[in-house]
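Fold and contact review
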Amino acid sequence: MTTGNNGSLWGRFEHDPRDPAYAGVRASDRDRAVVHDALSSAYAEGRLDREELDERTAAVDAAKTYGALLPPLLDLAADAGLPAVSLSSRPDLQRQAQGYYQEKRGEAIMGFLIPNLIVWAIWLFAGHGFPWPVFVLIPTAGNLVRVLSSKQSIIDGRIEKLERKQAKALEPPKPPKPSKSGEKHDDGRILRENQDKPEQA
């Protein structure tokens, strides 16, 4: 089946017809042409006969939305039934990472203020003495300084993690492993090869 420059049939659409978010969106002539091209390729490869090609071509011509463009392709593309993964652009990832950093910064600020206000208030009302609240002040201040001084590295690390997550989501599902001899089923039974025994007379 013909694919686009990026090796994906779905990349040739303006919007991925597998994405539920676009199921009701009106498709363009360009989108219908993509399906026509895929059907023609399948016919040339012998995966559709003439009657099937005519039926699906008519369905594509009548299709108004992206959702209606998907059925003619369901048994022609291995990933047609997989939900589309909407990839975030670099600016989107940057915004998400910025929000993540702001959340961590807020946690560090509150983690510094709240316990220190409590322990210093206790120390003050207890009549001063040895300034033991410094044992709370030092680690909480250190964490706050670390977060504030590591802004860019935290953001970059978050972007990298989001990119890895997107890349993993695009990987095809792994096929189930075949059962092995002696492997237990969920109900506790043991699978053994050639376990059928001859009936006794």
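Structure: see above.
Everything numeric in this text was worked out from a predicted model, so none of it was measured. (Residues numbered from 1 in each chain as written. Predicted model: local features only at pLDDT ≥ 70, side-chain atom pairs only at ≥ 80, totals over all residues. Heavy atoms only, no water.)

**Overview of the nonpolar core**
Core analysis: the largest hydrophobic core is formed by 19 residues, its most contacted members being Leu9, Trp10, Phe13, Val35, Leu39, Leu69 and Leu73. For this core, the secondary-structure elements that each account for two or more residues are helix H1 (29–44), helix H2 (50–62) and helix H3 (66–69). Apart from the residues within four sequence positions on either side, Leu39 is in contact with Leu48, Leu53, Arg56, Thr57, Val60, Pro72 and Leu76. Counting residues in each nonpolar core, the second largest holds 10 residues, with Leu93, Tyr101, Ile159 and Leu162 among its members. (Core = buried A, V, L, I, M, F, W, Y, C linked by side-chain atoms within 4.5 Å. Buried < 20%, exposed > 50% of the residue type's maximum accessible area, 1.4 Å probe, protein only. Helix = DSSP H or I, 4+ residues; strand = E, 2+ residues; numbered from the N terminus. Contact = heavy atoms within 4.5 Å.)

**Some details on the environment of Asp61**
Along the chain, Asp61 falls in helix H2. When its relative accessible area of 49% is taken as the criterion, Asp61 is described as partly exposed. Here the alpha-carbon distance between Asp61 and Ala33, two residues 28 residues apart in the chain, equals 9.3 Å.

**Quick word on the packing of aromatic side chains**
All told, the structure shown has 3 aromatic pairs when counted by the stated rule. Note on Trp10 and Phe13: the rings are 6.0 Å apart at their centroids and 20° apart in plane angle, and the pair reads as stacked. When sorted by exposure, Trp10 lands in the same class as Phe13, which is buried. Where Phe130 meets Phe135, the ring centres are 6.2 Å apart and the plane angle is 35°; that geometry is what we call tilted. The pair Phe130 / Phe135 is uniform in exposure class, with both members exposed. In this structure, Arg50 packs its charged tip against the face of Tyr43, placed 5.5 Å from the ring centre. (Phe/Tyr/Trp six-rings, centres within 6.5 Å; stacked < 30°, edge-to-face > 60°. Lys NZ or Arg CZ within 6 Å of the ring centre and 35° of its normal.)

**Some remarks on helix H5 (residues 134–149)**
Relative to the 22 Å expected for 16 residues at 1.5 Å per residue, H5 spans 22 Å between its end C-alpha atoms, a close match to the ideal helical length. Three or more residues of H5 are buried, namely Thr140, Leu144 and Val147. The buried residues of H5 occupy an angular sector of 60° when the element is viewed end-on, so they sit on one face. Across from the buried face of H5, at angles greater than 90 degrees, the exposed residues are Phe135, Ile138, Val145 and Ser149. (Expected span 1.5 Å × (residues − 1). Arc of directions from axis to C-beta.)

**Concerning unusual backbone geometry**
Here His128, not a glycine, exhibits a phi torsion of approximately 65°, which is positive. Structurally, the position occupied by His128 is in the loop between helix H4 (90–125) and H5.

**A short note on the pattern of salt bridges**
Summed over all chains, the structure comprises 9 salt bridges. Where Asp29 meets Arg32, a salt bridge forms, and the shortest distance between an N and an O atom there is 2.9 Å. Of this pair, Asp29 and Arg32 both sit in helix H1, 3 residues apart, which is roughly one turn of that helix. Given the relative accessible area of 59%, Asp29 is considered exposed. Across the pair Asp92 and Arg95 runs a salt bridge whose closest N-O atoms are separated by 2.1 Å. Here the residue Asp92 and the residue Arg95 both occupy positions in helix H4, the gap between them amounting to 3 residues, near one helical turn. Residue classification places Asp92 among the partly exposed residues on the basis of a relative accessible area of 28%. (Salt bridge = Lys/Arg side-chain N within 4 Å of Asp/Glu carboxyl O.)

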